Amino acid sequence: MEAQIEQQLEKIMPEDLARTFESAYHVFQGHHEHMDDLLKNGAALLRKVSQRFTPTQTILGIAAIAAVAVVLINRATDEGNEGEAHDVSNRADKPKIGAKNQDKQGQ
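Reading the values: the criteria
Starting afresh in each chain, residues are numbered from 1 along the sequence in its written order. For this predicted model, a pLDDT threshold of at least 70 governs which residues receive local features, and a threshold of 80 or more governs which side-chain atom pairs are given and counted, while totals over whole chains, interfaces and linings are taken from all residues. For the side-chain quantities, the full set of heavy atoms in the structure was used; hydrogens and water were omitted. The numbering of helices and of strands both runs from the N terminus, where a helix is a DSSP run of H or I of at least 4 residues and a strand a run of E of at least 2. Each residue's exposure class comes from its accessible area (1.4 Å probe, protein chains only) as a fraction of the maximum for that residue type: buried when under 20%, exposed when over 50%, partly exposed otherwise. The contact definition used throughout considers only heavy atoms, calling two residues in contact when any of these lie within 4.5 Å. Using a 1.4 Å probe, the Shrake-Rupley method yields the accessible areas, and only the shown protein chains count as cover for residues. Buried and open spaces are told apart on a 1 Å grid over the protein atoms alone, a cavity being a set of points where a 1.4 Å probe fits but cannot get out and a pocket being an open set with protein on both sides within 12 Å along at least five of seven lines. Residues with an atom within 4 Å of a point are the lining residues. Grid points are joined across faces, edges and corners, and a volume is the space filled by probe spheres set on the points. Gly is placed with the polar residues, together with every amino acid not listed as nonpolar (Ala, Val, Leu, Ile, Met, Phe, Trp, Tyr, Cys and Pro) or charged (Asp, Glu, Lys and Arg). We count a salt bridge whenever a side-chain nitrogen from Lys or Arg sits within 4 Å of a carboxyl oxygen from Asp or Glu.

So, on to the overall build of the protein. A tally of regular secondary structure across the protein gives five helices and zero strands. Secondary structure of the protein in N-to-C order comes out as α-α-α-α-α. When the 107 residues of the protein are sorted by exposure, 8% land in the buried category. Restricting to contacts in the protein with at least 6 residues of sequence separation, those with at least 24 account for 51%. When the accessible surface of the protein is split by element, carbon and sulfur atoms take 59% of a total near 9,400 Å².

Further remarks concern the layout of surface pockets. By volume, the largest pocket is sized at about 850 Å³. Lining of the largest pocket is provided by 25 residues; of these, T20, F21, A24, I65 and A69 occupy positions nearest its centre. Of all elements in the fold, only α2 (14-28), α3 (35-52) and α4 (55-81) reach the threshold of two or more residues within the lining of the largest pocket. Top contributing element to the lining of the largest pocket by residue count: α4, with ten residues. Of the residues that constitute the lining of the largest pocket, the class distribution is 20 nonpolar, five polar and no charged.

On the secondary structure map, S23 appears in helix α2. Using a relative accessible area of 5% as the deciding quantity, one classes S23 as buried. Beyond its immediate sequence surroundings of up to four residues, S23 is in contact with H34, D37, L38 and N41.

Moving on to the pattern of salt bridges. One pass over the full model with this rule turns up two salt bridges. Residues D16 and R19 are paired through a salt bridge, measuring 2.8 Å at the closest nitrogen-oxygen approach. Remark: R19 and D16 occur in helix α2; sequence separation between them is three residues, near one turn of the helix. Of the residues examined, D16 reaches a relative accessible area of 10% and is grouped as buried. The residue K48 makes a salt bridge to D16 at a minimum N-O spacing of 2.7 Å.

Here it is as C-alpha cells:
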C-alpha cells in the first residue's frame, strides 16, 4: 500500500525548478509573454511540493522564496538609480550665495 502511494507521488525534478525559475526570470526581465509559462510551471511545482511536504513546510518555503524575491527586486531597482548624476545647479528654489549681503550693501 505504501509503495503505491509513493509511486503516485510525483518526484520534484531539477528540471521543474529550472523551468519555473527561467520563466520567472523572463517575466522579471519584462518578457510578459512568459507569464503563462510561469503560472503553469509554478503550479506544477507547487502541486508536487504540496504532495511531499506538510502544510507548514510548504507555507514556510513559499514565504522564504517570497522574501528572497523581494530582496532581489529591491536590489535590482536600486542598481538602476545608482551612479546617476543630476544637475541641480540651475534650480529656481536654490538660494543665491551672498544675495542678502549684496542687497544690504546696495542700500
